[in-house]
Amino acid sequence: MNQQSKRSYETIFIVNATLDDAQIEHLIEKLKEFLVKQGSDIQSVESWGRKRLAYSIQKKNNGFYVLCEFSAGPEIGAKLERYYALEENVIRFLIVQLTDKALRARREKAAAETETPGDEPAKPLPKTTPPAADNADGENNAA
Amino acid sequence: MGRGRTTGRGGPRGQQIRKKRVCRFCESKEVYIDYKNEKKLQRFISEQGRIIPKRITGTCSRHQRMLVQAIKRARHLALLPYVSEAVK
C-alpha cells in the first residue's frame, strides 16, 4: 500500500469491564496486532480505564474504554468493524476518520497545552484524558 | 416593542434563562468539537438528555452542526445518555 492512500483514523471501543486487567491487556494487544497485520501504523493507544456507562449496554453498567489512533487505507473500516463484531468482549465501538480540521485542531491544542499547562478550565485526570478537540466527518459505527 | 428579540413573548416579566448572543465556540475559535469531552457537551443537553436548540444556547449554525455530531457520537459510546435516568 502506498503512503498516500493512508488516512488517519481513531477508534474507541468499550470492553466488558468484568474482565480482569490481564485479559483486557491481551485484547488490546490483539487489536494492535490485527491493525498492524492490515498494514496500518498505530500512532497511539490510550486506556481510559473503567468508566460508568451513561446507560446500560448488554445489561452492563460499566465499561473499560480504549482509544486508539492509527492510519490505514480506506478498507480498514469494514475490516475493523467485522473484527469488533466477532470480538465478544467488545460491547461497543466507534471508528472515526480524522479530517484535516480535526488533526489541525489537535495540533493546535497540543501546542497550546505545552505552552500554558493548566489552561484548560475543566481538567480531568491525565490518565483518562483524551488528547484534544477533534471530530470527523467520516464515520463508521455499529452497536 | 423597542428591544425586539431580547425579550421573548412574555415581555420583561419573564426572566430570560440561558439566552446568549455569541456562540461559545466562535468565541474560543474552535475548529472542531470533540465527542470525547463529555463534560463540555453536557452543557448543551437538557436534563432529559435532549440537545438544546441553538436559539436557546446561542450557538451558531456551523458549530451547532458540529456539536450535534459530537453529542450523537458521545451518546453512542455511552458517554452521554440518550434519555436521562430520571425520565425513564
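Below you will find a few notes about this structure.

### Comments concerning the overall build of chain B
Stage number 1. Helix and strand counts for chain B stand at four helices and zero strands.
Stage number 2. Each helix (α) and strand (β) of chain B, taken in turn from the N terminus, gives the series α-α-α-α.
Stage number 3. Looking at chain B residue by residue over its 88 residues, the buried ones come to 40%.
Stage number 4. For chain B, the computed accessible surface area is about 5,800 Å², with 51% contributed by carbon and sulfur atoms.

### Observations concerning the pattern of salt bridges
All names here are of chain A.
Stage number 1. Taken as a whole and assessed by the stated rule, the structure comprises 11 salt bridges over all chains.
Stage number 2. A salt bridge links lysine 30 to glutamate 87; the shortest N-O distance between them is 3.5 Å. Of this pair, lysine 30 sits in helix 1 (residues 21–37) while glutamate 87 is found in the loop between helix 2 (76–86) and strand 4 (90–97), placing the two residues 57 residues apart along the sequence.
Stage number 3. Using a relative accessible area of 33% as the deciding quantity, one classes lysine 30 as partly exposed.
Stage number 4. Exposure remark for glutamate 87: the relative accessible area of 13% places this residue in the buried category.
Stage number 5. Salt-bridge contacts for arginine 104 lead to glutamate 108; the nearest nitrogen and oxygen are separated by 3.9 Å. Of the two residues, arginine 104 and glutamate 108 both sit in helix 3 (residues 100–115), four residues apart, roughly one turn of that helix.
Stage number 6. With relative accessibility at 40%, the residue arginine 104 sits in the partly exposed group.
Stage number 7. Accessibility expressed as a relative area gives 44% for glutamate 108, which makes it partly exposed.

### Focus: unusual backbone geometry
Leave glycine aside and you will find that most residues have negative phi; peptide bonds, for their part, are mostly trans.
Residues and elements named next belong to chain A.
Stage number 1. Its identity is not glycine, yet glutamine 58 carries a phi of approximately 50°, on the positive side.
Stage number 2. Inspection of the secondary structure assignment puts glutamine 58 in the loop between strand 2 (41–57) and strand 3 (60–72).
Stage number 3. If you check the backbone angles, lysine 59 has positive phi at about 60° while not being a glycine.
Stage number 4. Of note, lysine 59 is situated in the loop between strand 2 and strand 3.

### Some words on the state of the cysteines
All names here are of chain B.
Stage number 1. One pass over the structure, following the stated rule, counts zero disulfides over all chains.
Stage number 2. Here cysteine 23 is not cross-linked by a disulfide; its sulfur's nearest cysteine counterpart is in cysteine 26, at 3.7 Å.
Stage number 3. The class for cysteine 23 is buried, based on a relative accessible area of 5%.

Reading the values: rules and limits
Residues numbered from 1 in each chain as written. Chains lettered and ligands numbered in written order. Predicted model: local features only at pLDDT ≥ 70, side-chain atom pairs only at ≥ 80, totals over all residues. Heavy atoms only, no water. Helix = DSSP H or I, 4+ residues; strand = E, 2+ residues; numbered from the N terminus. Buried < 20%, exposed > 50% of the residue type's maximum accessible area, 1.4 Å probe, protein only. Areas by Shrake-Rupley, 256 points an atom, 1.4 Å probe, with all protein chains shown as cover. Salt bridge = Lys/Arg side-chain N within 4 Å of Asp/Glu carboxyl O. Disulfide = S-S within 2.5 Å.

Purely geometric stuff here, so don't read any function into it on its own.
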